[in-house]
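Spelled out from the first residue to the last, the chains are:
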Amino acid sequence: RDQKYLDWINRQADLLYEFMQTTNISKLTTLNGLTNANCIHGVAIMYDWAYNDLDEERRAKLSEVVQKLGVALTEYTQRSAYYSGLVNWYSYGNQVIIRSTGFMAACLAVMDEIPDQASRLMAQSIRGIINSFGDFYPSGAWAEGISYWQYCMDTLPFAVTALRQALGSDFGFY
């Protein structure tokens, strides 16, 4: 492994942790769920890939970032009246697929640290994706149009790969 990449990850861990410590987390709940999901997806992958090479301090920082900005914030926004009125786990459309994929990555990254909370969110994410498959029927076209069809098709392989590699099943997605 090249040290320059680990150095970069260490800097990102410090910056993300500082952001989390200095930001009013409750204000983040008004952000678009896609923003949070896409960001935490990358952070979760970074944490997982570098886990064995991170020092204890950086590992703890990234774990806390994934737990608070990924898992806990997602659960909070799902309960908030503002957010749940826009998109929830049982609605259809591209947002459910995109968000669910990002949050599944976060859950898988910290599953051994917060198993109950991560398992709950994983189950909701899987149900959300399954429910969204209804928008592909009957012809395979996406109800929101070709651009969002591509957005979903670009994202679904991440969900399937993560599930297969971490849990040994894609839960019937493919």
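Our subject in this report is the structure included herewith.

Moving on, we come to the overall build of the protein. Broken down by element type, the protein carries 8 helices and 0 strands. Ordered by position from N to C terminus, the α and β elements of the protein give α-α-α-α-α-α-α-α. Looking at the protein residue by residue over its 174 residues, the buried ones come to 44%. Restricting the contact set of the protein to residue pairs at least 6 apart, pairs at least 24 apart contribute 70%.

For soluble globular proteins, nonpolar side chains are generally found buried alongside one another. If you look at the biggest cluster of nonpolar residues, it comprises 41 residues, and the most contacted ones within it are Leu62 and Ile129. No other element matches the 9 residues that helix α6 (residues 94-110) contributes to this core. In this structure, Leu62 is in contact with Ile9, Ala13, Leu16, Val43, Met46, Tyr47 and Leu54, ignoring residues within four places of it in sequence.

This brings us to the side chain of Thr101. On the secondary structure map, Thr101 appears in helix α6. By relative accessible area, Thr101 is classed as buried at 2%. Those residues in contact with Thr101 that sit more than four places away from it in its chain are His41, Ile129, Thr155, Phe158 and Ala159.

Its 18 residues give helix α3 (residues 33-50) an end-to-end C-alpha distance of 26 Å, which sits within 8% of 26 Å, the value for a rise of 1.5 Å per residue. Within α3 the residues assigned to the buried category are Gly33, Leu34, Asn36, Ala37, Ile40, His41, Val43, Ala44, Met46, Tyr47 and Ala50.

Cut-offs and rules
- Residues numbered from 1 in each chain as written.
- Predicted model: local features only at pLDDT ≥ 70, side-chain atom pairs only at ≥ 80, totals over all residues.
- Heavy atoms only, no water.
- Helix = DSSP H or I, 4+ residues; strand = E, 2+ residues; numbered from the N terminus.
- Buried < 20%, exposed > 50% of the residue type's maximum accessible area, 1.4 Å probe, protein only.
- Contact = heavy atoms within 4.5 Å.
- Core = buried A, V, L, I, M, F, W, Y, C linked by side-chain atoms within 4.5 Å.
- Expected span 1.5 Å × (residues − 1).

Purely spatial values, then, with no claim about function.
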